[in-house]
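Examination of the molecular architecture
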Amino acid sequence: MTDPTPQRLVIWRLTVTETRWRQMIPQMPTAARNALPDQYFDLAANNRQSGGRCYENLIDFAWRLNDLVAEYHHDIRHPKKLRTPAYAATLRQARQRGMVPTPIDGSHVEIGFCFGYAPAARAAFIVVRRDEDDPYTLDFRWLAGLDVRILATAADWHCIDPLARCLAYQGARNVSMRRLDRPGDDEILYRGARPWRL
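Described in the following lines is the structure provided in the data block. This one's a predicted model, so the numbers in the text were calculated from it and none came from an experiment. (Residues numbered from 1 in each chain as written. Predicted model: local features only at pLDDT ≥ 70, side-chain atom pairs only at ≥ 80, totals over all residues. Heavy atoms only, no water.)

1. Here's the deal with the packing of helix H1 (residues 6–15) against helix H3 (residues 30–46)
Helix-helix packing: each pair is described by the crossing angle between the helix axes and the interaxial distance. Interhelical geometry of H1 versus H3 gives an angle of 105° and a closest axis separation of 11 Å. With respect to H3, the axis of H1 lies roughly perpendicular. Every residue of H3 that contacts H1 at Pro6, Leu9, Val10, Trp12 and Arg13 is listed here: Leu36, Gln39, Tyr40 and Leu43. (Axes fitted to C-alpha atoms, helices over the stretch in contact; angles between N-to-C directions. Helix = DSSP H or I, 4+ residues; strand = E, 2+ residues; numbered from the N terminus. Parallel < 35°, antiparallel > 145°, perpendicular 65-115°, else oblique. Contact = heavy atoms within 4.5 Å.)

Okay, here's the thing in structure tokens:
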């Protein structure tokens with residue numbers, strides 16, 4: 001990345017995708033990586049008098065970048081041994097050989113909170129058990145660059161957000177949710193292929 005002038009910071013904010021930010025942060029020199037959120041905080045402070053949406057947008061974005069940098073540093077200092085989710089070993093091995101699951105109805109892989117959700121799955125299916133699996137202990141890195149759909153019911157509401165965050169952090173391209181207990185369109189939870197916009 002070139003020298004971040006205020007104009008360039010704004011351009012990055014509006015054009016760089018979230019997936020690309022996640023890729024760039026580990027590649028940046030430590031000093032530049034640590035300074036990046038502060039540069040957006042300073043940019044927001046310089047626009048504070050204008051107030052409104054511009055100021056709030058920059059502050060929110062600065063906090064998001066700060067979270068990404070903090071997560072990256074935490075992973076470096078405290079590496080975890082991550083487990084493969086249930087029914088995912090074959091898929092993971094295929095991905096390691098360079099294979100990609102066929103996308104069906106806009107999703108490469110679907111995740112259910114119990115094996116009973118399998119009949120509703122249209123794409124490749126894996127399980128993250130609602131009461132047994134902490135998503136932060138699971139390895140989803142093999143889903144990097146893929147579109148993932150979470151199959152859920154009202155009983156799963158407290159599990160959906162942590163799972164979506166882990167999928168996004170570990171590199172899933174897009175994460176959506178389909179409710180099994182009511183008809184309707186999929187809900188987009190995370191879209192890493194577009195610029196970070198509010």
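On we go.
2. Quick look at the sheet that holds strand S3 (residues 147–152)
Taking strand neighbours across the sheet as the criterion, the five strands line up as S2-S1-S3-S4-S5 in an open arrangement whose pairing is mixed. With partners counted over all chains shown, the strands left at the sheet margins are strand S2 (124–127) and strand S5 (187–191), one partner each. Adjacent strand axes in the sheet meet at a mean angle of 25° when their direction is disregarded. Pairing analysis gives six bridges linking S3 to strand S4 (residues 174–179), with the strands arranged parallel. Within the sheet, the bridge partner assigned to alanine 152 lies in S4 and is arginine 179. The sheet contacts of helix H6 (residues 157–169) involve strand S1 (109–112), S3, S4 and S5, and relative to S3 the element is tilted by about 170°. (Pairing = 2+ DSSP bridges.)

3. Section: the environment of threonine 19
Within the fold, threonine 19 resides in helix H2 (residues 18–27). Along the sequence, threonine 19 and asparagine 174 sit 155 residues apart, while their C-alpha atoms lie 9.5 Å from each other. Apart from the residues within four sequence positions on either side, threonine 19 is in contact with Arg173, Tyr190, Gly192 and Ala193.

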